[in-house]
Amino acid sequence: MKKLSKKYKDAVSKIEKSKLYSAEEAIKLAKETSTSKFDASVEVAMRLNLDTKKSDQQLRGAVVLPNGTGKSKKVLVITKGEQAKAAVEAGADYVGDTDMLEKIEKENWFDFDVIIATPDMMAHLGKLGKVLGPKGLMPNPKTGTVTIDVKKAIEDVKKGRVEYRTDSYGNVHGIIGKVSFDDNKLLENLKAFVDVIVKSKPSVVKGTYVKNISVSTTMGPGIKVDSNSFDK
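Analysis parameters
- Residues numbered from 1 in each chain as written.
- Predicted model: local features only at pLDDT ≥ 70, side-chain atom pairs only at ≥ 80, totals over all residues.
- Heavy atoms only, no water.
- Phe/Tyr/Trp six-rings, centres within 6.5 Å; stacked < 30°, edge-to-face > 60°.
- Helix = DSSP H or I, 4+ residues; strand = E, 2+ residues; numbered from the N terminus.
- Buried < 20%, exposed > 50% of the residue type's maximum accessible area, 1.4 Å probe, protein only.
- Pairing = 2+ DSSP bridges.
- Axes fitted to C-alpha atoms, helices over the stretch in contact; angles between N-to-C directions.
- Contact = heavy atoms within 4.5 Å.

Some points on the packing of aromatic side chains
Part 1: Summed over all chains, the structure comprises four aromatic pairs.
Part 2: Residues Tyr94 and Trp109 carry aromatic rings whose centres are separated by 4.9 Å and whose planes lie at 85° to one another, so their mutual orientation is edge-to-face. Placement of the pair is Tyr94 in strand β4 (residues 94–96) and Trp109 in the loop between α4 (98–107) and β5 (114–117), with a sequence separation of 15 residues.
Part 3: Tyr94 sits in the partly exposed class, given a relative accessible area of 22%.
Part 4: Overall, the relative accessible area of 12% leaves Trp109 in the buried class.
Part 5: A centroid spacing of 6.2 Å and a plane angle of 75° characterise the contact between Tyr164 and Phe193, whose relative ring orientation is edge-to-face.

In structure tokens:
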């Protein structure tokens, strides 16, 4: 069993296990209980009343956080023609078509965080599904990474777009910023993330949809958040 550090134990001691904190309190406490020496990420986890074995109860999408995530992402755009020009002008880090896909396949090249593609290139990308899929890099219309508007897609990623997807237990996770962020900026990001998930509730779900919400830092303890502190 992993031994907990004194710093982590001290952090845990500041949190009441049975208490549901307001969103404001939770953000403040998450920053106070961050145990890492680096500028840790602040994350949100939501447990939802979903049966993910059913296709109509699987959530997948993306949200553009109002204050970004604090991390710049490298964007690869797979397209050609006018869309390639638009991608370069919009600030994509890499732009190409089959030449870039060959580079990934033959050189095991992954110097990027996100792939955006136009629909006409998906047949070529499909051949790399076994490589890109497990890494979470396969473009998907649900997350806005398969689109004819590459300019907007690039801008969204650069602003701070966060993808989410339910795991097999019905949980969704997302980064909402860094410990160094102002409390209000983290709060705005948290509310934006929760709002999108709440609005994405499948119509077939009955009863309580959001079972619990918690926030934490990269190496810090989880803090339970009162779902009533969010505007419904």
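The discussion continues.
Concerning the sheet that holds strand β8 (residues 210–217)
Part 1: Across the sheet, four strands lie side by side as β7-β1-β8-β9; this open sheet has antiparallel pairing. Edge positions in the sheet fall to β7 (171–178) and β9 (223–225), since each has one partner strand and no second. Neighbour-to-neighbour, the strand axes of the sheet open up by a mean angle of 25°, direction not taken into account.
Part 2: Set on the sheet, helix α8 (residues 183–199) makes contact with β1 (41–48), β7 and β8; between it and β7 the angle comes to about 160°.

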